[in-house]
Amino acid sequence: MSMIELEVTQLTKRFGRRRVFGDVSFALKPGQSLAVTGPNGSGKSTLLRLLTGLSLPTAGKVIYTEDGKTLGFEHYRRKVAMVAPYLALYGALTAGENLHFLARVDGRKVSDTDIEAVLHKVGLDGRGGDYVGAYSSGMQQRLKYAAAMLREPEVLLVDEPSANLDDTGKKAVFDIIAAYRKQAIVVIATNEKEEYSLADGICQLGG
Amino acid sequence: MPTGSVSWAAKVAAVVRKELVSEFRTRYAINAIVMFALVTLTVVSFAVGLLSPSSEMMAALFWIILFFAAMSGLAQTFIKEEESGTALVLKLSSDGSVIFFGKLLFNLLLLIVLAVLIVPLFIIFLKIIPANWAVFLTGLVLGIVGLAGATTIVAAIVSKATVKGALFTVLSFPVLLPLLVAVIEITTVGFSGGGFGEISAPLQLLVAYDVVMTTLSVMLFDFVWRL
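Residues numbered from 1 in each chain as written. Chains lettered and ligands numbered in written order. Predicted model: local features only at pLDDT ≥ 70, side-chain atom pairs only at ≥ 80, totals over all residues. Heavy atoms only, no water.

S.K.: What is the right way to look at the environment of Gln-204 of chain A in this model?
M.R.: All names here are of chain A. Assignment of secondary structure puts Gln-204 in strand E10 (residues 201-204). Taking the C-alpha atoms as reference, Gln-204 lies 6.0 Å from Val-36; in sequence the two are 168 residues apart. In this structure Gln-204 touches Thr-37, Gly-38 and Pro-39, once residues within four positions along its chain are discounted. At 3.0 Å, the side chain of Gln-204 forms a polar contact with the side chain of Thr-37. (Helix = DSSP H or I, 4+ residues; strand = E, 2+ residues; numbered from the N terminus. Contact = heavy atoms within 4.5 Å. Polar contact = N/O pair within 3.5 Å; in protein donor to acceptor, adjacent residues only side chain to side chain.)

The structure is reproduced here in structure tokens:
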């Protein structure tokens, strides 16, 4: 089975004259994980966005390879999933409709059983028919994990893993991240010390 | 976990369906478009009053109403995604062509609804009936296709800007100018009762515009949408 690998080389990002971070380098293989830490404004979320390919670095490279071949955006996009507080799902759709839609535009056919299974994993049993607009921020955060799991990602990017979550929610998402750490590349951006243990290594930004 | 894969057309259909369901529940764009069309139509009918404007004037008024009504709602398809934060999820979940054609088809449906509403009301309020329906409808259909094609890509560009609403109309106008000139000419002939022989030049321009604009939009969309 082919495995995706991630290599980040001397990554630098500037917004105008302000340098957010510079010369960040690391390489990750499946089963390896990294916690990106640093003070507010040090570029943790920016770094995760660069890893999605939806933002371009000022200098340096983000390269995904598989069997030694460099993957283009359209190839690695399908293998990457992201969970972040600033990502939003569709408030006018139910949770089930959101998950069906996101899977379908991604070219995946999922059954109601699949949907129920991921909702169960994030503790949203029986809430698939509720409108996301009526969800609390914590429930929306859980639903984002469900959407990410449905993609069966080989690379999981998580910004502030436990944002908006209660203790039960935290436990559920920590379990999910722990499961992905065994098989996928996991990068989390966090300032919470208890979340450092969700990764094998630490990348310190802004100092 | 996923039990199979879906075709490109099914992905596009999923985008259209999502837009329709969201629109049906929120009435975000349709309310703006319909209200703008009704108000403008009423104002124009009062302004024209008992005058007997020429076919050229009627054609221009018809397309002014359609253009500005469309401007009030079509940009929402992308602005809504950027402002609500769903754009990032969508960018990660699907390729650009699926999103573009899904949004294009949805905008086309909105414009068809708008035309179905405006045409009979225009005929009633302004007391003018196209003497050649075939020419009139040809111009209308091609005009709507061009309008949807051009505004979809402009909406995607504008959704990244800070002043979105005003910029959409300003940016769309020069892009749509050749289309407006051609459709107004065709609609004039439709109102006055001329045949297809009289519209060959604007018709060629309109068909070329629709093809070029849609092709360019497809080619440029990935650059605009992704970053």
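The rest of the description comes next.
S.K.: Before we go on, may I ask you to explain the confidence of the model for chain B in this structure?
M.R.: The predicted coordinates ought not to be read in detail in places where the model reports low pLDDT. Chain-level pLDDT for chain B is 89 on average; 96% of the residues reach the 70-or-more range. Helix H1 (residues 8-26) of chain B holds the highest mean pLDDT among the elements of chain B, 94, whereas strand E1 (residues 4-5) of chain B holds the lowest, 70. (pLDDT = per-residue confidence, 0-100.)

S.K.: Sorry, what's going on with helix H6 (residues 96-126) of chain B here?
M.R.: Under the 1.5 Å per step criterion, the end-to-end length of H6 of chain B is 42 Å for 31 residues, consistent within 8% with the ideal 45 Å. Lys-127 of chain B sits one or two positions beyond H6 of chain B and adopts a positive phi of about 50 degrees. (Expected span 1.5 Å × (residues − 1).)

S.K.: Whenever I open this one, the pairing of strand E4 (residues 59-66) of chain A confuses me. Can you help?
M.R.: Side-chain positions along a regular strand alternate between the two faces of the sheet. Residues and elements named next belong to chain A. Alignment of strand E1 (residues 4-15) against E4, held across 7 bridges, turns out to be antiparallel. Pairing of Glu-5 across the sheet is with Thr-65, part of E4. Hairpin geometry of E4 and strand E5 (residues 69-70) is characterised by an intervening segment of 2 residues between the two adjacent antiparallel strands and by a positive phi of about 50 degrees at Asp-67. (Pairing = 2+ DSSP bridges.)

S.K.: Help me understand the side chain of Asp-106 of chain A in this model?
M.R.: Within the secondary structure, Asp-106 of chain A is located in the loop between helix H3 (95-105) and strand E7 (108-109). Owing to a relative accessible area of 1%, Asp-106 of chain A belongs among the buried residues under this scheme. Leave out the neighbours within four places in its chain, and Asp-106 of chain A touches Arg-77, Arg-78 and Arg-151 of chain A together with Lys-11 and Ser-93 of chain B. (Buried < 20%, exposed > 50% of the residue type's maximum accessible area, 1.4 Å probe, protein only.)

S.K.: Can you walk me through the environment of Glu-19 of chain B in this structure?
M.R.: All names here are of chain B. Mapped onto the elements of the fold, Glu-19 is located in helix H1. Glu-19 gets classed as buried once you look at its relative accessible area, which sits at 1%. Measuring from C-alpha to C-alpha, the distance between Glu-19 and Ile-112 comes to 15 Å, with 93 residues separating the pair along the chain. Setting aside its immediate chain neighbours within four residues, Glu-19 contacts Thr-77, Lys-80, Glu-81, Lys-103 and Phe-106. Among the polar contacts made by the side chain of Glu-19, one reaches the side chain of Lys-18 at a distance of 2.8 Å.

S.K.: I would appreciate a short explanation of the pattern of salt bridges in the present structure.
M.R.: Should their charged atoms come close, side chains of opposite charge can pair. Residue and element names in this part refer to chain A. Counting across every chain of the model gives 18 salt bridges over all chains. A salt bridge links Asp-106 to Arg-77; the nearest nitrogen and oxygen atoms lie 3.4 Å apart. Placement of the pair is Asp-106 in the loop between H3 and E7 and Arg-77 in helix H2 (residues 73-77), with a sequence separation of 29 residues. We note a salt bridge from Arg-151 to Asp-106, for which the minimum N-O separation is 3.3 Å. One end of the pair, Arg-151, is in the loop between helix H5 (137-150) and strand E8 (155-159); the other, Asp-106, is in the loop between H3 and E7, and 45 residues separate them in sequence. (Salt bridge = Lys/Arg side-chain N within 4 Å of Asp/Glu carboxyl O.)

S.K.: What am I meant to see in the sheet that holds E10 of chain A here?
M.R.: Each strand in a sheet pairs with its neighbour through backbone hydrogen bonds, running either in the same direction (parallel) or in the opposite one (antiparallel). Residues and elements named next belong to chain A. Spatially, the 5 strands line up as an open sheet ordered E6-E8-E9-E3-E10, and their pairing is parallel. The outermost strands of the open sheet, each flanked by one partner alone, are strand E6 (80-83) and E10. Geometrically, the sheet is characterised by an average inter-axis angle of 15 degrees between neighbouring strands, direction not taken into account. In the sheet, strand E3 (residues 33-37) pairs with strand E9 (residues 185-189) via 4 bridges, with the strands oriented parallel. Across the sheet, Ser-33 pairs through a bridge with Val-186, a residue of E9. The strands that helix H1 (residues 44-52) touches are E3, E6, E8 and E9; relative to E8, the one it contacts most, it runs at about 155 degrees. Against the sheet, H5 touches E6 and E8, its axis set at about 175 degrees to E6. (Axes fitted to C-alpha atoms, helices over the stretch in contact; angles between N-to-C directions.)

S.K.: Sorry if this is basic, but what is going on with the sheet that holds E5 of chain A here?
M.R.: Residue and element names in this part refer to chain A. Here we have 4 strands laid out as an open sheet, ordered E2-E1-E4-E5, and antiparallel in their pairing. With partners counted over all chains shown, the strands left at the sheet margins are strand E2 (18-28) and E5, one partner each. H1 contacts E1, E2 and E4 of the sheet and is inclined by roughly 130 degrees relative to E1.

S.K.: Help me out: how do you make sense of a nonpolar patch on the surface in this one?
M.R.: Taken together, the side chains of Val-212, Leu-216, Met-219, Leu-220 and Phe-223 of chain B define a hydrophobic patch exposed on the protein surface, amounting to about 530 Å² of accessible area. On the accessibility criterion, Val-212 of chain B (48% relative accessible area) is partly exposed. (Patch = residues over 30% accessible without salt bridge, like charges linked within 9 Å, V, L, I, M, F, W, Y side chains within 5 Å. Areas by Shrake-Rupley, 256 points an atom, 1.4 Å probe, with all protein chains shown as cover.)

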